Amino acid sequence: MTIALPAVTPAKQPTSPLPRPTEDPRWLRGLLITLALAFMGLFLFVPLACVFYEALKKGWDVYFAAIVDPDAISALKLTLLAAGISLPLNLAFGLAAAWVVAKYDFRGKQILLTLIDLPFSVSPVIAGLIYVLIFGAQGWFGEWLRDHDIRVIFAVPGIVLATIFVTVPFIARELIPLMQAQGSEQEEAALLLGASGWQTFYRITLPRIRWALLYGLILSNARAMGEFGAVSVVSGHVRGQTNTLPLHIEIAYNEYQFAAAFAVATLLAALALVTLGLKVLVERQVKKTST
Amino acid sequence: MTLSVRHLHKSFGSTIACDGLNLDVAGGELVALLGPSGCGKTTLLRIIAGLELADAGSVQFKGEDLGVLPVRERGIGFVFQHYALFNHLSVFENVAFGLRVRPKETRPDEAELRRRVSELLERVQLGSLGDRMPQQLSGGQRQRVALARALAIQPRLLLLDEPFGALDAQVRKDLRRWLRQLHQELHITTLFVTHDQDEALELADRVIVLNRGRIEAADSDFARRFLGGQGSDIELAAVA
């Protein structure tokens, strides 16, 4: 007995009036898409457009004056410095943590994973307070630091520390699942072929994780430059000295210099947009190389 | 004996992979380690290569204790079951890897390196595919790249982990014949792991049957059953 099967022509039936059985009705799809877009527009795009509108409302002169203001420049420098110091440290730590978690089994692995996630779950303000408690004048090391004339809290080192705290998880979190999925066979093969540990890392491991690593760096950088809470607690808001861009914006706003606040905010927004663009590019590469 | 394994013990938690294993392989021999999955054959291979540490016992090569040598100095060619090719490197660079990572004093210059890699690629019949990436190759081709890569370091011992495990039946047969031929030309002492009786019998000079971390005597019930009655035709090793 033979049964003639109908010829199957998948994915090539644009004229078919019958939707696939798992597909939602058209009106529902339309409604969900509209809702999602409206929500995004209202909560993300409008505020962003508003920043640029407010910044330029009083004209380009006011805008530029706010940006080249020495305090603004110094805040920009400090923001870049904090990001510039925390990124390489996060890179080293993230790589090391991802390496041990992905390649080895050891006691306390779960604890390490939880610790890596800690900055995600703890409020940034508390992160800042922790450093005040440790390094502040009344803190654990306060006396010792004062005796040696080292300033951590209300100074640049505190800001860098707080920035590192909030950005630590990004790179490790990005690398761990990838490196776990990749396993260590290729590294083993490299060792057997006579490569040293460093050669194996540089020639095999690094090229395989480079896009994920870059992605982690970008996310980490975005957070480092935008961090407010933790930095705010340890900064002391000394103008021209311990103000980062987000803090500078807040101060300007509180002093009713709206145009200046928004002008500097456009700098941060621009940094964020560049980061976002990079992120999209890198994401594409990650997808391409992970298949 | 060129390779001799003595009283090897290895367990993972409560699973015993090697239970007092003894094994001898003569120079230039092609030996098959045959056994059901989970019998410890891959672990044995990984211990010899240095990728796994034995709990007890020794591995010697021509009287030299391999156990004290780091992996990279053992001079062992290893072909992984899933090949473990470097996906970000071309076929040519995969094969060249072992030469490129050598210390400066022993590293061949670029011209010599190109000549040797091309020669190897010719030998595994991939002469024209040097520029391809591993993902662009078929399973059988990848397998041969893995072999060429392992041969590039002129290994004193070749270990193959289920070399045909991931291939379909016809390709398997062709490659078997081809590997046999290659071994006859190169005479590298070779140990390969398989769970396929036919493969072991057709390819190897000698078949060793492993069961639960131990080597089965050739005339044991298990070896007979596992070889499906074919065991009497060939010389089976029973090193106790």
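Just so we're clear, the structure is a prediction, and the values are computed from it rather than from any experiment.

### What to know about the confidence of the model for chain B
Residue and element names in this part refer to chain B.
For step 1, the next point in the chain: In the predicted model, chain B carries a mean pLDDT of 87, and the fraction of residues at 70 or more is 94%.
For step 2, the next point in the chain: For chain B, the element scoring lowest by mean pLDDT is helix α7 (residues 221-227), at 71; helix α2 (residues 91-100) scores highest, at 96.
For step 3, the next point in the chain: Note that residues 231-240 has pLDDT below 50 and, in this model, 19 contacts with residues that lie over four places away or in other chains.
For step 4, the next point in the chain: For this predicted complex, the interface confidence reaches an ipTM of 0.88, while the overall pTM sits at 0.78.

### Section: the pairing of strand β3 (residues 30-34) of chain B
All names here are of chain B.
For step 1, the next point in the chain: Here β3 lies mainly inside the structure; 5 of its 5 residues are buried.
For step 2, the next point in the chain: Side chains L30, A32 and L34 of β3 all project onto a buried face; the interleaved residues V31 and L33 project onto the opposite face, where all are buried too.
For step 3, the next point in the chain: Of the pairings in the sheet, the one linking β3 to strand β8 (residues 189-194) comprises 5 bridges and is parallel in character. The residue bridging L30 from the neighbouring strand is T190, located in β8.
For step 4, the next point in the chain: One ladder, built from 4 bridges, connects β3 with strand β9 (residues 206-211); its direction is parallel. Across the sheet, residue A32 finds its bridge partner in β9, namely V207.

### As for the interface of chain B and chain A
Frequently, the measure chosen for interface size is the accessible area that the parts lose on association.
For step 1, the next point in the chain: Counting residues at the interface gives 21 residues for chain B and 16 residues for chain A.
For step 2, the next point in the chain: Buried surface at the junction of chain B and chain A, both sides included, amounts to about 1,800 Å², of which 64% is carbon and sulfur.
For step 3, the next point in the chain: As a salt-bridge pair, R46 of chain B and E188 of chain A come within 2.7 Å of each other at their nearest N and O atoms.
For step 4, the next point in the chain: Across the chain B-chain A interface, the total number found is 6 residue pairs in polar contact (both at pLDDT 80 or more).
For step 5, the next point in the chain: Those elements that provide at least two residues to the side of chain B that touches chain A are α1 (41-49), β6 (76-79), α2 and α4 (139-151) of chain B.
For step 6, the next point in the chain: In terms of residue count, the dominant contributor to the side of chain B that touches chain A is α2 of chain B (3 residues).
For step 7, the next point in the chain: Residue composition of the side of chain B that touches chain A, by class: 13 nonpolar, 4 polar and 4 charged.

The rules behind these values
- Residues numbered from 1 in each chain as written.
- Chains lettered and ligands numbered in written order.
- Predicted model: local features only at pLDDT ≥ 70, side-chain atom pairs only at ≥ 80, totals over all residues.
- Heavy atoms only, no water.
- pLDDT = per-residue confidence, 0-100.
- Helix = DSSP H or I, 4+ residues; strand = E, 2+ residues; numbered from the N terminus.
- Contact = heavy atoms within 4.5 Å.
- Buried < 20%, exposed > 50% of the residue type's maximum accessible area, 1.4 Å probe, protein only.
- Pairing = 2+ DSSP bridges.
- Buried area = accessible area lost by both parts, 1.4 Å probe.
- Salt bridge = Lys/Arg side-chain N within 4 Å of Asp/Glu carboxyl O.
- Polar contact = N/O pair within 3.5 Å; in protein donor to acceptor, adjacent residues only side chain to side chain.
- Nonpolar A, V, L, I, M, F, W, Y, C, P; charged D, E, K, R; others polar.

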